[in-house]
Every structure is written in C-alpha cells, then in structure tokens.
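# Reading the structure
Listed below are the residues making up each chain.
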Amino acid sequence: MIGQWRLRAAFTARLSRMYGREVPAYAELVDVSREVNEDVLRARGAAAERLGSIGRVTAERHGAIRVGTPGELRQVARVFGALGMRPVGFYDLRDTAASALPVVSTAFRPVAEDELDRNPFRVFTSMLTVSDPRFFDADLRSRLTAFLDGRELFGPELLGLADRAEAERELPEADAERFLELAVQAFELSAEPIDRDWYAALERVSAVAADIGGVRSTHINHLTPRVLDIDELYRRMTARGIEMIDTIQGPPRWEGPDVLLRQTSFRALAEPRALRAADGTVTRGALRVRFGEVEARGIALTREGRALYDRLLGLVDERAAHRPAAERGEVARAVWTEHLPPTERELAERGLGFFTYHLVPGRPRKGRPATDLGALLREGWVRAEPIVYEDFLPRSAAGIFQSNLSSTGSRDGAREGSVYDAERLSGAMEREVLDPFTLYERQRDASLVRVARELDLDSV
Ligand code: OOG
Ligand code: NI
C-alpha cells in the first residue's frame, strides 16, 4: 500500500521531472538552488536548518495551476485531496494594487505538522472569474462558458482513483502507479492545436484568461523550488545570463529574522505551440506563458504581525515613490529596521510571529515556574521554535503573474465586480477553504497546552 504522503512526495518528484523536460530553465533553476542550499548549509551549519531540514527544503516545491470553472476546481480539489492537500487561504487578485487579473485563488497544501514535515507540496490554484462583468461582456462570457463546459481536464479513471485515495488514505501499488501517471499527464502541456482567433479574443481581456480559457486542457504554470539565500540565487542566475524580474517580492533582505515569503522569477522562453487559423490550417507558433520562480520562506506572522507587515509595505511604497526604483530595497530595509523587532525572541514576545513552545529538557526545576510565557522564555524553562509560513502573499502573487505577462489586458473600471470571498469559493468547491491564521494558531496553542501539562500548570 502507498500512503497519502508517499503519493504526494512521488507526485511532486514526477511533476518536477516532467516540468524539467518541458522547461529546461526550470531544471537549471533547481540545480542552482541546490548549490546555493549546500553552500548556505556549509557556511551557517545548524542555523541554516532553523526553518526546515535541508532534506525538506531541497525537496520542497510549490506549483501553480489555473482552471476555468467551479466544476473544474471541484475536480482539482479531488486530485489534491488524494494527496492529502486541502484548500487553505483565499486570494482575490482582481483588485490588487499592481494589477487586475480575472482570477480568484486558493492554495492546496497539507495541513498537519507531521504531514508538512514529510512533504510540504503546495499548489497555488486560480479559477477564472467568468461571471465578473468587468472583464467579460455578455457575448464573450457565453462563448467562454460554452467552451469551458465542453472540455474535460480530468478523466473519470483519474477522478475515481483520486476519490479512493482520499477516502482510504492509501492505494495499492498498481493503482498508485496508475493514479500518478494520469495525474502528472493531466498537467502536461497539450500538443493539441490552439484556435488562434479564440485565443486572441481572450488575450485582449487578459493573457491569463487566454492561458486558461483558450485551450482545451490545463497545465502546470510553474514549479518553484525553495532556496535558503534568495539574494545569492538571484546573483547566480543573473550571472548565468538568465534575465530575472527586477525585484525580489515580499520583505527586504535585512539583519533581523526572515518572515513570510520572498519570491522572484524569470520569464521562460517562448514554447512552441501549434496554432490553428480560421481556415483550418495549422502553423507552428510560440507562446510565452510559463516561467520560473524561486522562493525563500520565513516565519509565519500572526494577524497583528501581518497587519504590521501590510502597513510597512504601504510605508515603503510612500517613501520609495519619489526615489529611483533601484533604491526601493534600501528604503524597505530602513523601514523594517525601524519597525520590526530584530530577534526571534522579540517577535514571539510581542505576539507578531508564530512559534511553537517546548520545554527545555534537563532544566533544574527550582521553585515554581512563572505562568507568563515571556517569563518562562526569559528564565529558560521554555524555548520557542519558529513556525514556517506555508502560504502565499496576494501582492507578490499578483506581481509574479503580472511581471511575466506580455500585455496588461483590459478591464471595465466603471462596473461593479462580482463579490467573491472564501465562503463563496468554499461553496463552489464544496470544500471548506481553511483560514491559514487559524491553522497556525492551533499549532501554537497545542504546543502551549503540552508545555502547561509538562510543567504542571493550569495554562500558559
Ligand atoms: C500563480 C501566481 C502566484 C505565487 O507564488 O505567488 C504564485 C500563477 O501564475 O498562476 O504562484
Ligand atoms: Ni508561484
């Protein structure tokens, strides 16, 4: 029998091999990431593994896929459900400062701590908002709906196996093999010719709309390795002549603890795709849709920490507005140093970052320990271990989408957008979209209950 986490690990590895064949620059990115990680481990020793073992970090990937309808999203959720991944977080990219994209998104990922340790594969999953009148007028909407209703992204055999794996949390070896084969196939780039006029009609609205609704299948859009020093990776890729986007998204590099998520990307080369003209002739064309992305992960922030992060981003925008773009990093570092605590300890004590708490073994139990967490930490009864941020950032996501598109598309700014939130997405998917903060809180609180029990306290 192959259990869920082994299915997930095998799927990640096979998807990675498939994507490396399709997009050779990705394979290069994975190589450079591995080199950087090995160098950081050599240079920093155990400190390099503070936010995850080298084994986990090296195998770690996130993917991105895009689907067209709630029905397709429900099916994707079954495939990822088979791998022990659940929808976490709601991201509305239609109204972000940097861009207007006709999608709403969630991320499928494992939720339990031990499952994340075994393999933390996550997939940023976006669904086209076909009903949003700002992007699609009535005519385009009905043509798009008909087109999407007429395609099948996941066949019945794959979905049947997925349902079994999800219900039984394992599959017999032969079925597991078949499931993995079909699941990876479902995310390969199709060789089927693309209707050129249809693709172009959607591209006028948004390149993302065309990528999703202009073809009869879906594909993995990118696969992202995790790296321990993203600034160093950026330098090495640039030195190899690979043109990266001009920034690293998210928090700046600074002296204090790494928080949340830093990401950067490069545009993949144009990929050959067969295009069919209105008269039926098929020509070889090329589309530039997919790209390479890499990320460094930091400590998860509490609601208060996240609110502070969002405020600081605004402050950086304000201060950087009248300065050359190249100085943004400088400005951000200054803002960070001014407002964020420089140590993990303070991040924990001020309630800004998520940690789990553990009894320090062998500590002589003199007197009664304080019940206040700060005192327990200061007096050395308890130590704090950071919880890694397992999710995404909407502004970075929009930036990653946008910086890799050739055209910005169009949106009717005069109209009201349709309301979309986590609840509506849950309804569409028939699965609850989990709140990331609640998951981190649960993990922290469970550790506090353990500590209280071990110290014989009512609560900490
Ligand atoms: C998803 C873009 C978002 C990230 O890492 O923030 C994303 C997409 O391009 O489909 O992957
Ligand atoms: Ni990504």
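Residues numbered from 1 in each chain as written. Chains lettered and ligands numbered in written order. Predicted model: local features only at pLDDT ≥ 70, side-chain atom pairs only at ≥ 80, totals over all residues. Heavy atoms only, no water.

### Quick look at the sheet that holds strand 10 (residues 271-276)
Across the sheet, which stays open at both edges, the three strands sit in the order 7-10-11 with mixed pairing between neighbours. Pairing within the sheet leaves two strands with one partner each, and these edge strands are strand 7 (194-195) and strand 11 (282-287). For strand 7 and strand 10, the ladder comprises two bridges, and the chain directions are parallel. Considered in strand 10, the bridge of isoleucine 194 is made with leucine 275. (Pairing = 2+ DSSP bridges. Helix = DSSP H or I, 4+ residues; strand = E, 2+ residues; numbered from the N terminus.)

### Describing the confidence of the model for the protein chain
Note that predicted coordinates carrying low pLDDT should not be read in detail. Summary statistics for the protein chain give a mean pLDDT of 92 and a share of 95% for residues scoring 70 or more. The ipTM, which scores confidence in the relative placement of chains, is 0.99 for this predicted complex, and the corresponding pTM is 0.95. (pLDDT = per-residue confidence, 0-100.)

### Here's the deal with the site of ligand 1
Around ligand 1 sit His62, Ala64, Arg66, Phe124, Asn221, His222, Gln263, Phe291, Glu293, Phe392, Ala397 and Phe401, and that is every residue in its neighbourhood. Side-chain polar atom of arginine 66 to an oxygen atom of ligand 1: 2.7 Å apart, as the coordinates give it. Contact distances for ligand 1 include 2.9 Å between an oxygen atom and a side-chain N or O atom of histidine 222. Bound to the protein, ligand 1 loses 100% of the 320 Å² it would expose on its own. (Near = heavy atom within 4 Å. Polar contact = N/O pair within 3.5 Å; in protein donor to acceptor, adjacent residues only side chain to side chain. Areas by Shrake-Rupley, 256 points an atom, 1.4 Å probe, with all protein chains shown as cover.)

### Section: the nonpolar core
Considering soluble globular proteins, one finds that nonpolar side chains tend to be buried as a cluster. Formed by 47 residues in total, the largest nonpolar core has its most connected members in Leu7, Phe11, Phe80, Phe154, Phe179 and Phe187. With seven residues, helix 8 (residues 173-186) is the largest single contributor of residues to this core. Not counting the four nearest positions on each side in its chain, phenylalanine 11 is found in contact with Phe80, Leu83, Phe121, Leu180, Ala183, Val184 and Phe187. Judged by nonpolar contacts, the second largest core, of 41 residues, contains Leu51, Leu260, Val451 and Ala452. (Core = buried A, V, L, I, M, F, W, Y, C linked by side-chain atoms within 4.5 Å. Buried < 20%, exposed > 50% of the residue type's maximum accessible area, 1.4 Å probe, protein only. Contact = heavy atoms within 4.5 Å.)

### Let's talk about the packing of aromatic side chains
Counted by the stated rule, this structure contains 14 aromatic pairs. Taken together, a centroid distance of 5.6 Å and an interplanar angle of 40° make the contact between phenylalanine 147 and tryptophan 198 tilted. With phenylalanine 147 in helix 6 (residues 138-149) and tryptophan 198 in helix 9 (residues 196-205), this residue pair connects regions lying 51 residues apart in the sequence. Just as phenylalanine 147 is buried, tryptophan 198 falls in that class too. Positioned above the aromatic ring of phenylalanine 392, the side-chain terminus of arginine 297 is 5.5 Å from the ring centre. Positioned above the aromatic ring of tyrosine 420 is the side chain of arginine 424, whose terminal nitrogen or guanidinium carbon lies 3.9 Å from the ring centre. (Phe/Tyr/Trp six-rings, centres within 6.5 Å; stacked < 30°, edge-to-face > 60°. Lys NZ or Arg CZ within 6 Å of the ring centre and 35° of its normal.)

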